[in-house]
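# Residue-level structure breakdown
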Amino acid sequence: MSAPTSCIRWFHELTLADLPLVGGKNASLGEMHQHLAPLGVRIPEGFAVTAEAYRDALDEADAWVALHRALDGLDKRDVTALARAGKRCREIVYGARMPRHVETTIREAWRAMQARLGEDLSVAVRSSATAEDLPTASFAGQHDTYLNIHGEEQLLDAVKRCQASLFTDRAISYRIDNGFDHFKVYLSVAVMQMVRSDLASSGVMFSIDTESGHPDVVFVTGAWGLGENVVQGAVDPDEFYVHKPTYRKGFRSVLRRTLGDKQVQMVYASGRTREPVINRPTPKADRARFCLSDADVLELAGAAIQIEQHYGRPMDIEWAKDGPDGPLYIVQARPETSVSQRAATQIEEFVLDASAPPRARGRAVGARIASGPVRRVGDARQLAAFRPGEVLVADTTTPDWEPVMKTAAAIVTNRGGRTCHAAIIARELGIPAVVGAEHATEVLADGETVTVSCAEGAVGKVYPGALPFHKEVSDIAGLKKPRTEIMVNLGNPELAFQTSLLPCDGVGLARMEFIVNEHIKVHPMAVLHPERIDDADERERVTALWAGHPDGASYFVERLAEGVGTIAAAFYPRPVIVRLSDFKSNEYAALMGGRAFEPHEENPMIGFRGAARYVHPAYAEGFALECRALKRVRDEMGLTNLKVMVPFCRRLDEARRVLDAMAGHGLARGSGPKGQGLEVYVMCEIPNNVLLIDEFAQLFDGFSIGSNDLTQLTLGVDRDSAIVAESFDERDPGMLKMLKLAVEGARRNGRHSGICGQAPSDHPEIATYLVELGIDSISLTPDTVLRTMRALQEIEARRA
């Protein structure tokens, strides 16, 4: 029998080397206590009930034979047999009497904690298996946790229940799938001081982007109340991103934030109920505000960076805030076991080949696509009817469902965020999941075939029918970059992290219009002057957008800065060239509130757009908002890789006026840290830009050829007109001469030359011609980058 002192260890006594004794969770808590707490990372106090205590109990009860009888020869595919075996094993372990020395030592440890922390002490009792939280197997959600435990008797019972949870159905299934021997995995228990996040908030964060695997961000999720709701996917949480490289340089700015619905919150139960914690609806006012301040998010990001640096790998971390104004604690840290395991030299992309109006939308997990018949599951009793290849649709999932989830084509839930149990399991299994798809169980019917797409950005979509799609896998091992810089055209910030993993040299065209249209949704002048909107309903919709912000201008600037900043952060330190807004007047009018501020033009393509708009009294205030956002990206976020590009600049005097206006708004050309001064480019898309390229070169740092508009204006073809579409051809001899004059003129003046129009993506011969001219960079749609890169290598080899 073990000595009385061997059955518990205080957290501060433990390190990772103690994993065989206290399991992954406890060993990690001890490691952080010893090495990270001195650096300011707060870890709650507590102790581990060792795996020896578990083994001693089963030895004294002679329980091993009965456990073998229940598990030997088990076919986990038989859900009924699995449930029967799991139930029997849990009964055996829970029924095994706790050895006297174990019980005595736990009581003594409880009293010691109570003496230090107060008579009203409550603890969390959490399972810590000796094969969990490993770099290659998380065992996420496989074992049980008990919260708000008071008193010695409750504690002893919770410890026994945790020990029995080594044999939950999901844990048995997970061990079989991952090749772990049931009888070589043991259960330790963590007894940890409760952090009163029932009075504040809690959640999960990753030191890596969970979808793309991009290593340069901390991704934080959270909701009001105790953290189990975020872990189990019972709520749609708030989301925050922080950029690690600029954080390390001293910049303190939240890169991006998304407000979640946070439907319920888990709190301590009153004395009238037998349950220690309960869920209650989140008050409407709390659902409408973030559960963390920016200062809290940044403190958590700092902790995540320190934890990742210490462990030397991406980490999955749980956090909790102690009361409304109290400190933040780290309550768990384990290796991230999904996206960080992907092959760095393989790029996999799923592409939808058709479209339809989606039946449901939520948050995308795993950039994949799958089709199958719907199977709605209301509770665990309905799992037996589930068939492999079906799409699992539920309000939320629990860890018990993992054996069935493994056979699903895809998962769709009404509730949950991208760090919940369903999301983690979906990533490990390599299947798409759309979580937080409100009302999915109501709008999707059993048996109907649907296509679940998580390959279109952060928003996952469920389409009716089996839509065609294909998968592209590219191996970039050994791929050499051509001398000509290859950049990408990008507008959607939600695709930035994934796209940045391409072996490209940056972003040659970041389209501001996409961010305004999709993420801000309102005309910039409308947020400044809503009183000019005649339609009362539209005016109300406009003003509702900036709820929670001081005013409309703050809303517009924050959202625009987040969108542009996300793209700049994803590619950092590679250059990102953002084009100032280039909506035409009819496109601006289509924005919410836009009709009140835009003229009617017969030909908006060559009307009130580009540089002329920025310095016109009708839009000058709106341009000031654009400049404020870009200044925030560079100065507050620290993303000095951002360059600014002026579109559709007709005349030299127009260029000077725009540059003066930018300088007046804090975006003077050349301003910024030494060696990182702001560069301002101009679109070379009007014949006058080519004819006066020497003069324009005195005002700007570089030129980006806009082949679409340059072709339109050189050939006199309306590119929006179908009837003359055949005359629109970038390969026309006149256009080729224009391209030659532009590239040679830029080189003559020592200015960067690039092209961001559609021509090189659509016509490889244009790319060849430009390389032969010696253009500095070619910016392409992401799907053509690798193909064009290989083609340019061949061209350059022939020229050598």
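Residues numbered from 1 in each chain as written. Predicted model: local features only at pLDDT ≥ 70, side-chain atom pairs only at ≥ 80, totals over all residues. Heavy atoms only, no water.

What follows deals with the nonpolar core. Formed by 102 residues in total, the largest nonpolar core has its most connected members in Val646 and Met662. Tallying contributions element by element places helix α19 (residues 552-571) first for this core, with 12 residues. Not counting residues up to four positions away in its chain, the partners in contact with Met662 are Leu580, Phe623, Cys627, Val644, Val646, Leu667, Ala668 and Val680. (Core = buried A, V, L, I, M, F, W, Y, C linked by side-chain atoms within 4.5 Å. Buried < 20%, exposed > 50% of the residue type's maximum accessible area, 1.4 Å probe, protein only. Helix = DSSP H or I, 4+ residues; strand = E, 2+ residues; numbered from the N terminus. Contact = heavy atoms within 4.5 Å.)

Note that Arg427 resides in helix α13 (residues 421-429). A polar contact is formed between the side chain of Arg427 and the side chain of Glu211, at a distance of 2.5 Å. The contacts of Arg427, once residues within four sequence positions are left out, are Thr210, Glu211, Ser338, Val339, Val365 and Arg418. (Polar contact = N/O pair within 3.5 Å; in protein donor to acceptor, adjacent residues only side chain to side chain.)

Note on placement: Asn689 falls in helix α24 (residues 687-691). Looking at Asn689, the relative accessible area reads 0%, which means it is buried. Within the local environment of Asn689, its side chain forms a polar contact with the backbone nitrogen of Glu685, the two atoms lying 3.2 Å apart.

The next subject is the packing of aromatic side chains. Throughout the structure, instances matching the rule amount to 10 aromatic pairs. When the centroid spacing of 5.4 Å and the interplanar angle of 50 degrees are considered together, the rings of Phe240 and Phe290 count as tilted. On the criterion of sequence distance, the pair formed by Phe240 in strand β8 (residues 238-243) and Phe290 in the loop between α10 (284-287) and α11 (294-311) is long-range, its members being 50 residues apart. The buried category is assigned to Phe240, whose relative accessible area is 0%. The exposure class assigned to Phe290 is partly exposed, which follows from its relative accessible area of 26%. (Phe/Tyr/Trp six-rings, centres within 6.5 Å; stacked < 30°, edge-to-face > 60°.)

Before going further, it helps to examine the packing of helix α4 (residues 79-95) against helix α6 (residues 151-164). In the contact formed by α4 and α6, the axes pass within 8 Å of each other and the chain directions differ by 145 degrees. The chirality of how α4 crosses α6 is right-handed. Here α4 contributes Arg90, Val93 and Tyr94 to the contact with α6, which in turn contributes Asp157, Lys160, Arg161, Gln163 and Ala164. Here the contact of α4 with α6 is composed, by residue class, of 3 nonpolar, 1 polar and 4 charged. (Axes fitted to C-alpha atoms, helices over the stretch in contact; angles between N-to-C directions. Left-handed = near helix turned anticlockwise from the far one by under 90°. Nonpolar A, V, L, I, M, F, W, Y, C, P; charged D, E, K, R; others polar.)

Taking 1.5 Å per residue, 18 residues should reach 26 Å; α11 reaches 26 Å between its end C-alpha atoms and fits that length. Positioned one or two residues after α11, Gly312 has a phi angle of 75 degrees, which is positive. (Expected span 1.5 Å × (residues − 1).)

Turning our attention to the sheet that holds strand β3 (residues 123-129). Each strand in a sheet pairs with its neighbour through backbone hydrogen bonds, running either in the same direction (parallel) or in the opposite one (antiparallel). With antiparallel pairing, the 5 strands of this open sheet are ordered in space as β1-β2-β5-β3-β4. Unpaired on one side and paired on the other, β1 (8-10) and β4 (145-149) mark the two borders of the sheet. Sheet twist, expressed as the mean angle between neighbouring strand axes with direction ignored, is 20 degrees. One ladder, built from 3 bridges, connects β3 with β4; its direction is antiparallel. Paired with Val125 across the strands is Tyr146, a residue of β4. Each of β1, β2 (46-49), β3 and β5 (187-193) is contacted by helix α1 (residues 19-35), which is oriented at about 125 degrees to β3, the strand it contacts most. (Pairing = 2+ DSSP bridges.)

Between its terminal C-alpha atoms helix α30 (residues 785-799) stretches 21 Å, which fits the 21 Å expected from 15 residues at 1.5 Å a residue. Buried within α30 are the following residues: Val785, Leu786, Thr788, Met789, Leu792, Ile795 and Glu796. Where α30 is buried, its residues contact β22 (469-475), β23 (485-490), α29 (764-773) and β30 (777-780).

For the rest of this paragraph, the subject is the packing of helix α3 (residues 64-71) against α4. Axis separation between α3 and α4 bottoms out at 9 Å; the angle between their running directions is 170 degrees. Between α3 and α4, the interaxial angle falls into the category roughly antiparallel. Where α3 approaches α4, its residues Ala66, Leu67, Ala70 and Leu71 are matched on the opposing element by Ala85, Arg88, Cys89, Ile92 and Val93. Looking at the contact of α3 with α4 residue by residue, the class counts come to 8 nonpolar, no polar and 1 charged. (Parallel < 35°, antiparallel > 145°, perpendicular 65-115°, else oblique.)

An order of β15-β19-β18-β17-β16-β20-β21 is seen for the 7 strands of this closed barrel, with the pairing classed as mixed. Neighbour-to-neighbour, the strand axes of the sheet open up by a mean angle of 35 degrees, direction not taken into account. As paired strands, strand β16 (residues 369-376) and strand β20 (residues 449-453) are joined by 5 bridges and run antiparallel to one another. Following the sheet pairing, Gly372 is matched in β20 by Val450.

Residues Glu349, Asp353, Glu472 and Asp783 make up a contiguous surface patch of negative charge. Tracing the chain through its elements places Asp353 in the loop between β14 (346-352) and β15 (360-365). (Patch = residues over 30% accessible without salt bridge, like charges linked within 9 Å, V, L, I, M, F, W, Y side chains within 5 Å. Areas by Shrake-Rupley, 256 points an atom, 1.4 Å probe, with all protein chains shown as cover. Salt bridge = Lys/Arg side-chain N within 4 Å of Asp/Glu carboxyl O. Lys, Arg positive; Asp, Glu negative; His and termini not counted. Charge placed at Lys NZ, Arg CZ, Asp CG, Glu CD.)

Looking now at the pairing of β15. With 5 of its 6 residues buried, β15 lies for the most part within the structure. In the sheet, β15 pairs with strand β21 (residues 459-464) via 4 bridges, with the strands oriented antiparallel. What sits directly across from Arg361, in β21, is Lys461. Both β15 and strand β19 (residues 433-435) contribute to a ladder of 3 bridges, which runs antiparallel. Pairing of Arg363 across the sheet is with Val435, part of β19.

Remember, this is a structural readout, not a statement about activity or role.
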